Amino acid sequence: MSGIPLVDLAAQHRQVADEVADGWAAVLKATAFVGGPQVAAFEAEFAAFSEVAHCAGVGNGTDALEFALRAVGVGPGDECVLPANTFIATAEAVARTGATPVLVDVDEETALLDPALLPDVLTSRTKAILPVHLYGQTAAVEEILPIARAAGAYVVEDAAQAQGARRRGVVAGGLGDVAATSFYPGKNLGAYGDGGAVLTRDAALDERIRLLREHGSPRKYEHTTLGFNSRLDTLQAVVLSAKLRRLADWNAARREAAERYSVLLSGVPEVQRPVVLPGNEPVWHLYVLRVADRERVLAHLQANGIGAGIHYPTPVHLTPAFASLGHRPGDFPVTERLAGRLLSIPLFPEITAAQQEQVVEVLMEAVR
């Protein structure tokens, strides 16, 4: 059997290699390595793709989320509510502002933030709620927004895994007040290194983001606030523009692959397939199953050349980095159950039907 990776970045690169080479040659000739015109061009293109007015490129997805929080006024003494089932960067961005991450459990079926649990954790200190659009589908932001408004809080989307996903027709990034995304190489829209962006419909928020990323400077050597150095690299903007032109087709290919998996696994009761929240049009950043005896299944897949993985093995509240929050095992039971059962199998736009059949064949051997 030939190996099948979890993500095939080489196959994606082959489609854009010539365009990227030409674009990089233009940047090298102009020596416009920081803030070149390609950055502004990509920002405009990605804002249009996301159907929002503004996009500000930054150095990485974690900075994007931190700047989005800071732009709405999050700081020391504030609390920000986020799902316990997420990558640590969501909580990390909150902590970096000086605010306190407040975790809430997730829905058993979708693994997304459960809006019904929000009233139990909101306080007078709640400044923001962070729905995480996980694995390529969006949280129910329309249910979260009125809860946030009643609490005087903002909705800051963590849209790092949902570039192009829609919730009731609205693109991820335009559902809340402001959104952050990541262009880490493995994302649906990935750079050739780190990168991120903040999306919003609000011009004032966009202006604050741009100040934060540029040392608090609206003009050279003028600094109106304390900022950071976190700008989207011009070379990465070239890569992202080339890939963005293909992203809609790539997302469509991911949907076809996800549907094929759904059919192939329909008669395998030992495997629980992903559940899509009604009203969602996912982009399938990951195809995440649930299986018993996950470590044994994972080992069998990997031993047979199947690049399976786990997202995420240790919940945020049980990591040493957030021990100060004072949580114990059992505090977020759904998240903890998921952490022991979730299994990501290969899915990327170029995956073939034969490769998917091979993945399922090895998976069935493992679970049975």
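No experiment lies behind these values; they were computed from the predicted model shown. (Residues numbered from 1 in each chain as written. Predicted model: local features only at pLDDT ≥ 70, side-chain atom pairs only at ≥ 80, totals over all residues. Heavy atoms only, no water.)

Draft legend 1. Structural view of the sheet that holds strand β12 (residues 287-291). The 3 strands are arranged β10-β12-β13 in an open sheet whose pairing can be described as antiparallel. The open sheet has two edge strands, β10 (271-272) and β13 (342-345), and neither has a second partner. (Pairing = 2+ DSSP bridges. Helix = DSSP H or I, 4+ residues; strand = E, 2+ residues; numbered from the N terminus.)

Draft legend 2. Up close: the layout of surface pockets. In this structure, the largest pocket occupies an estimated 540 Å³ of space. For the largest pocket, the lining is made up of 28 residues, of which F87, Q161, S182, Y184 and K187 are closest to its centre. (1 Å grid on protein atoms, 1.4 Å probe; cavity = no way out; pocket = protein on both sides within 12 Å on 5 of 7 lines; lining within 4 Å. Points joined across faces, edges and corners; volume = space filled by probe spheres on them.)

Draft legend 3. Spotlight on the side chain of D63. Counting through the fold element by element, D63 comes out in helix α3 (residues 61-71). Overall, D63 belongs to the buried group, its relative accessible area being 12%. Here R96 takes part through its side chain, which lies 2.5 Å from a polar atom of the side chain of D63. In terms of polar contacts, D63 uses its side chain to reach the side chain of S230, at 2.6 Å. Contacts of D63, omitting those with residues within four sequence positions, involve V58, R96 and S230. (Buried < 20%, exposed > 50% of the residue type's maximum accessible area, 1.4 Å probe, protein only. Polar contact = N/O pair within 3.5 Å; in protein donor to acceptor, adjacent residues only side chain to side chain. Contact = heavy atoms within 4.5 Å.)

Draft legend 4. Representation of empty space enclosed by the protein in the model. This structure, assessed with the given rule, holds 3 cavities of 30 Å³ or more. By volume, the largest cavity amounts to about 190 Å³. What lines the largest cavity is a set of 19 residues, among which T110, Y135, P274, V275 and V288 lie closest to the centre. If you tally residues by element for the lining of the largest cavity, the top one is β12, at 4 residues. Tallied by class, residues from the lining of the largest cavity come to 13 nonpolar, 3 polar and 3 charged. (Nonpolar A, V, L, I, M, F, W, Y, C, P; charged D, E, K, R; others polar.)

Draft legend 5. Structural detail: the packing of aromatic side chains. Here the structure, examined in full by the defined rule, presents 9 aromatic pairs. Look at W24 and Y192: their rings are 6.2 Å apart centre to centre, the planes differ by 85°, and that puts the pair in the edge-to-face class. Residue W24 is found in helix α1 (residues 9-30), and its partner Y192 is found in the loop between β8 (178-182) and β9 (196-200); the two are separated by 168 residues along the sequence. Both rings, one in F46 and one in F49, keep their centres 6.1 Å apart while their planes meet at 15°; by these two values the pair is stacked. Of this pair, F46 and F49 both sit in helix α2 (residues 37-50), separated by 3 residues, roughly a single helical turn. Clustering of aromatic rings is evident, with ring pairs tying together F42, F46, F49 and F183. (Phe/Tyr/Trp six-rings, centres within 6.5 Å; stacked < 30°, edge-to-face > 60°.)

Draft legend 6. Region of the structure containing the nonpolar core. Counting 30 residues, the largest nonpolar core has L69, C80, L130 and V156 as the members making the most contacts within it. In terms of residue count, the dominant contributor to this core is α3 (6 residues). With sequence-adjacent residues up to four places away left out, L130 is seen in contact with L65, L69, C80, V81, L82, P83, T90, V94, L113 and V156. (Core = buried A, V, L, I, M, F, W, Y, C linked by side-chain atoms within 4.5 Å.)

Draft legend 7. Geometry of the environment of T224. Summarising the element assignment, T224 is placed in the loop between α6 (203-213) and α7 (234-264). Judged by relative accessible area, T224 falls into the exposed class, the value being 52%. Taking the C-alpha atoms as reference, T224 lies 8.2 Å from L211; in sequence the two are 13 residues apart. Leaving out residues up to four positions away in the same chain, T224 has contacts with L211, G216 and P218.

Draft legend 8. The pairing of β8, seen in detail. For β8, the buried fraction is high: 5 of the 5 residues fall into the buried class. Burial of β8 is two-sided: the residues V178, A180 and S182 facing one way and the residues A179 and T181 facing the other way are all buried. As judged from the 3 bridges shared by strand β5 (residues 154-158) and β8, these two strands associate in the parallel manner. Counted as the bridge partner of D158 is A180 from β8. Two strands pair when backbone bridges link them, and β8 and β9 are joined in this way by 5 bridges, in the antiparallel orientation. In the sheet register, A180 faces β9, and the bridge partner there is V198.

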